[in-house]
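# Descriptive analysis of the structure
Single-letter residue listing:
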Amino acid sequence: MGRIASRKALVWTGFALVGVALAVLPLALGAAFGQAWVRVVNLALLYAMLALGLNIVVGFAGLLDLGYIAFYAVGAYTYALLASPHFGLHLPFWITLPLGFLVAAGFGVLLGAPTLKLRGDYLAIVTLGFGEIIRIFLNNLNAPVNITNGPQGVNLVDPLKLGGFSFSTRETLLGVDFSGPQKYYYALLALTLGIIVVNLRLQDSRIGRAWEAIREDEIAARAMGINTRNVKLLAFAMGASFAGLAGGLFASIQGFISPESFSLLESVMVLSMVVLGGMGNIAGVILGAVLLTGLPELIRFTVVPVQQALFGRVVVDPEAIRMLLFGLALILVMLFRPAGLWPAKLRKREFSG
Amino acid sequence: MTGLLLHADGISKSFGGVQALSEVSIVIQPGEIYGLIGPNGAGKTTFFNLLTGLYRPDSGNFEFAGARLDARAPEQAAQRGIARTFQNIRLFANMSVLENVMVGRHVRTRAGVLGAVLRGPKTLAEERAIHERSLALLEFVGLTARRDEPSRHLAYGDQRRLEIARALATDPKLLALDEPAAGMNATETAALRRLLEAIRAQGVTLLLIEHDVKLVMGLCDRVAVLDYGRKIAEGRPAEVQRNAAVIEAYLGVGVTGALAGGASA
């Protein structure tokens, strides 16, 4: 009994330490390296939300989706159009964010429905097409009626505001100086934690098991009485809704969105986070998001000074190195950790022969 | 039509030019073990696939438990109380043994996304019930010790038994088994036979396709013989065994006279 109690205490101490670390992270980063790094952490949290959403579709239900970023775009535009001078609407975030969540879920069902009978490569190609269709629509819906403002995008999007409290401005609270990005960090962290809890609970539920069953063997799943149509649509809707939420936050943080932000490359990035981190494993997916957002920034911040110290000038563009290292990392992971850096127990079994 | 569990009436199905089944009618009583036998390609698995909604018949219909079975989709057949296993085992390979059975409870449980996320008392109670029932079924087929292993790590015979446990988890009235003894050795087959009899004792009706003649003859109350998509004989195993058409189907025309007296297997 004593041992169990002390183990429990250890776990809770661990949680408490992680909690404290997460709480002071933006302040420490801001003080030590500047606000740019707080922005990187915020971006990592946004990508973690996206990756967690995509993980439901790809990791749990096994449906390869290459157009996932479209739902991010839907959420971002829902927020931006309802909270910017573009239409002169300035709805509060507690309407626009949930609305983005719901509209994205609706699009998830809309885009999922025609693909229900497709699998693997075919599904990937169709979803890729859907992702592009959404982007092209956003690019061209400025005529005859200007809805999205086309390639110019939507500017001056409202930041998150709660009463008189704005997340975007510098402010001193309780004697501590908080910058805009630092305040956003806490909002992002809270929502990411919420999404993690939802994911964990879904995974270990009747619905989660049905998703996995479909991934493993669709015909057997149907023979067990699982309505694969509904269960797949549910996966698309849930995955899309998280992207919609992240999209709304993205719009509010950036203050500006345009179709350019929602290219195929972004879909590929999020998918890489899921695959590289460990498909189907929530912790792995978050790790993937943090690594793939953080490492390129680290390279950007180090490559130029290092080259200048060595050669006295910049020989290789950091942007080029970024893609090079990115490709190398993917190849290495596929070679040495095919199930991802932090694989799900199931996947580990799958690849262990 | 009371007293019948399943009435298949004039079922026909063709694939392109091949008439897989023509006008096959069978009647299964509740509590029966009914065997469907016949040479390879006779249409047995096609019959299963039609019954469980994987395909739709060209003509004919099924009546199940007093109402027409219009299974447009396998999930509806499962909902109505028909569970099946597959000739080439189709377990959820990377899920644990226990999870495989838990998936079988899906059709008899309700929790949706909200329930799963909020975990109210109703959902928790349902999850507990799923868990307990699945453990009991594993105990029943003798796989309790391996509950946490991925199902693909099980030996062949164990995989077959897990498939049966998973099917039983759907609370079927009729359990349709597609060659449950295929690839089993004599000991495993004997264990399977005891298992199937125990399932029948619990009130589940069994329909089985089987090539193991000894098993069929010993276990089934009645059998139907299919050949080239037609039902050529039906009755108690011992009767069917002596049927001239059946011997011809299995051994070819011309041997009937020579073997009719002494054929025993």
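Residues numbered from 1 in each chain as written. Chains lettered and ligands numbered in written order. Predicted model: local features only at pLDDT ≥ 70, side-chain atom pairs only at ≥ 80, totals over all residues.

### Regarding the overall build of chain B
The line we're drawing: Numbering goes from the N terminus for both helices and strands, where a helix is a DSSP run of H or I of at least four residues and a strand is a run of E of at least two. Radius of gyration here is computed from C-alpha atoms only, and the compact-globule reference equals 2.2 Å multiplied by the residue count raised to the power 0.38. Remark: C-beta atoms are placed from the backbone, and a residue is labelled buried if 20 or more other C-beta atoms sit within 10 Å of its own, exposed if 12 or fewer do, or partly exposed between those counts. For the purpose of contact definition, each residue receives a C-beta atom placed from its backbone, and two residues are in contact when these atoms lie within 7 Å.
Within chain B, the secondary structure is distributed over 11 helices and 10 strands. Computed over its C-alpha atoms, the radius of gyration of chain B comes to 20 Å, within 12% of the 18 Å expected for a compact globule of 265 residues. Along the first, second and third principal axes, the C-alpha set of chain B runs to 70 × 40 × 35 Å. Going through the 265 residues of chain B one by one, you find that 44% of them count as buried. Across chain B, the fraction of contacts at a sequence separation of at least 24, relative to all contacts at a separation of at least 6, is 67%.

### Thoughts on the overall build of chain A
Regarding its fold elements, chain A presents 13 helices and 6 strands. Referenced to the eigenvectors of the C-alpha coordinate spread, the extents of chain A come out at roughly 65 × 60 × 50 Å. Per-residue burial for chain A yields a buried fraction of 46% across its 353 residues. The contacts of chain A with a sequence gap of at least 6 include a subset with a gap of at least 24, amounting to 74%.

### Some words on the interface of chain A and chain B
The parts lose accessible area when they come together, and the size of an interface is often stated as this lost area. Stated formally: Gly is put with the polar residues, along with every residue not named as nonpolar or charged; the nonpolar set is Ala, Val, Leu, Ile, Met, Phe, Trp, Tyr, Cys and Pro, and the charged set is Asp, Glu, Lys and Arg.
Taken residue by residue, the interface counts 25 residues in chain A and 29 residues in chain B. With 7 residues, helix α7 (residues 206–216) of chain A is the largest single contributor of residues to the side of chain A that touches chain B. Split by residue class, the side of chain A that touches chain B holds 13 nonpolar, 3 polar and 9 charged.

### As for unusual backbone geometry
Residue P144(A) is reached from A143(A) by a cis peptide bond, and omega for that bond is -5°. Inspection of the secondary structure assignment puts P144(A) in the loop between α5 (120–140) and β3 (161–162). Within the chain, R119(B) stands out as a residue other than glycine whose phi angle is a positive 50°. On the secondary structure map, R119(B) appears in the loop between α4 (113–118) and α5 (121–141). Exposure remark for R119(B): the 15 C-beta atoms within 10 Å place this residue in the partly exposed category. Backbone geometry at E179(B) places phi at a positive 50°, although glycine is not the residue there. Within the secondary structure, E179(B) sits in the loop between β7 (174–178) and α7 (186–201).

### Here we look at the packing of helix α3 (residues 69–82) of chain A against helix α4 (residues 93–112) of chain A
All names here are of chain A. What counts is decided by this rule: To obtain an axis, a line is fitted to C-alpha atoms, over the contacting stretch when the element is a helix, and the angle between two such axes runs from 0 to 180 degrees between their N-to-C directions. When the near helix sits turned anticlockwise from the far one by under a right angle, the crossing is termed left-handed; a clockwise turn instead gives a right-handed crossing.
It is the contact of α3 with α4, at a shortest axis distance of 8 Å, that shows an interaxial angle of 140°. As for how α3 packs across α4, the hand of that crossing is right-handed. Touching F71, V74, G75, T78, Y79 and L82 of α3 are T96, L97, L99, G100, V103, A104, F107 and G108, all from α4. Here the contact of α3 with α4 is composed, by residue class, of 9 nonpolar, 5 polar and no charged.

### So, the sheet that holds strand β10 (residues 230–235) of chain B
Residue and element names in this part refer to chain B. Heads up, the rule is: When DSSP finds two or more bridges between a pair of strands, those strands are recorded as paired.
With mixed pairing, the 6 strands of this open sheet are ordered in space as β6-β7-β8-β3-β9-β10. Edge strands, defined here as strands with exactly one partner in the open sheet, are β6 (82–84) and β10. Adjacent strand axes in the sheet meet at a mean angle of 20°, parallel and antiparallel pairs treated alike. In the sheet, strand β9 (residues 222–227) pairs with β10 via 5 bridges, with the strands oriented antiparallel. What sits directly across from D227, in β10, is R230. In this fold α7 packs onto β3 (33–37), β7 and β8 (205–209), with an angle of close to 145° to the strand it touches most, β8. The strands touched by helix α10 (residues 244–251) within the sheet are β9 and β10, with β10 carrying the most contacts at an inclination of about 130°.

### What to know about helix α11 (residues 282–311) of chain A
Each full turn of the α-helix corresponds to 3.6 residues, which orients residues three or four apart in the same direction. All names here are of chain A. To keep things clear, this is the line we draw: Expected span of a helix, by definition, is 1.5 Å for each gap between consecutive residues, and there is one gap fewer than residues.
For α11, spanning 30 residues, the distance from its first C-alpha to its last is 43 Å, which sits close to the expected 44 Å at 1.5 Å a residue. Where α11 is buried, its residues contact α2 (35–60), α6 (180–203), α10 (264–277) and α12 (318–336). The positive-phi residue at the C-terminal boundary of α11 is G312, with phi of around 80°.

### Regarding the confidence of the model for chain B
When pLDDT drops low, the exact placement of atoms in the prediction is not to be read closely. What counts is decided by this rule: The pLDDT score gives, residue by residue, the confidence of the prediction method on a 0 to 100 scale.
Overall, the prediction assigns chain B a mean pLDDT of 89, with 94% of residues at 70 or greater. For this predicted complex, the interface confidence reaches an ipTM of 0.89, while the overall pTM sits at 0.89.

### A short note on the packing of α7(A) against helix α3 (residues 97–104) of chain B
Applied cut-off: Oblique is the label for every angle not falling under 35 degrees (roughly parallel), over 145 degrees (roughly antiparallel), or within 65 to 115 degrees (roughly perpendicular).
Contact geometry of α7(A) with α3(B) gives a least axis separation of 10 Å together with a crossing angle of 105°. The angle between α7(A) and α3(B) falls in the class roughly perpendicular. Across the interface between the two elements, R209(A), A210(A) and A213(A) from α7(A) touch E99(B), M102(B) and V103(B) from α3(B). Class assignment of the residues belonging to the contact of α7(A) with α3(B) gives a composition of 4 nonpolar, no polar and 2 charged.

### What to know about helix α9 (residues 228–254) of chain A
Residues and elements named next belong to chain A. The terminal C-alpha atoms of α9 lie 39 Å apart, and with 27 residues this matches the ideal 39 Å at 1.5 Å per residue to within 8%. With 22 of its 27 residues buried, α9 lies for the most part within the structure. In the segment just after α9, G255 is the residue with positive phi, at about 80°.

### Topic: the sheet that holds strand β1 (residues 6–15) of chain B
All names here are of chain B. Taking strand neighbours across the sheet as the criterion, the 4 strands line up as β2-β1-β4-β5 in an open arrangement whose pairing is antiparallel. Two strands lie at the open edges of the sheet, namely β2 (18–28) and β5 (67–69), each paired on one side alone. Each neighbouring strand pair of the sheet contributes to a mean axis angle of 30°, computed without reference to strand direction. Pairing of β1 with β2 involves 7 bridges; the strand directions are antiparallel. Bridge assignment links L6 to a residue of β2, and that residue is I28.

### Re the pairing of β3(B)
Residue and element names in this part refer to chain B. Within β3, 5 of the 5 residues are buried, which leaves the element mostly enclosed by the surrounding structure. The side-chain alternation of β3 yields two buried faces, one formed by I33, G35 and I37 and the other by Y34 and L36. Alignment of β3 against β8, held across 4 bridges, turns out to be parallel. Bridge pairing in β8 places I33 opposite L206. Pairing between β3 and β9: 4 bridges, direction parallel. Residue I37 lies in a different strand from β9, and its bridge partner there is V225.

### Comments concerning the environment of Q159(B)
Residue and element names in this part refer to chain B. Within the element layout of this structure, Q159 appears in helix α6 (residues 156–168). For Q159, a count of 21 C-beta atoms within 10 Å gives the class buried. Distance in space between the C-alpha atoms of Q159 and I89 is 7.4 Å, their sequence separation being 70 residues.

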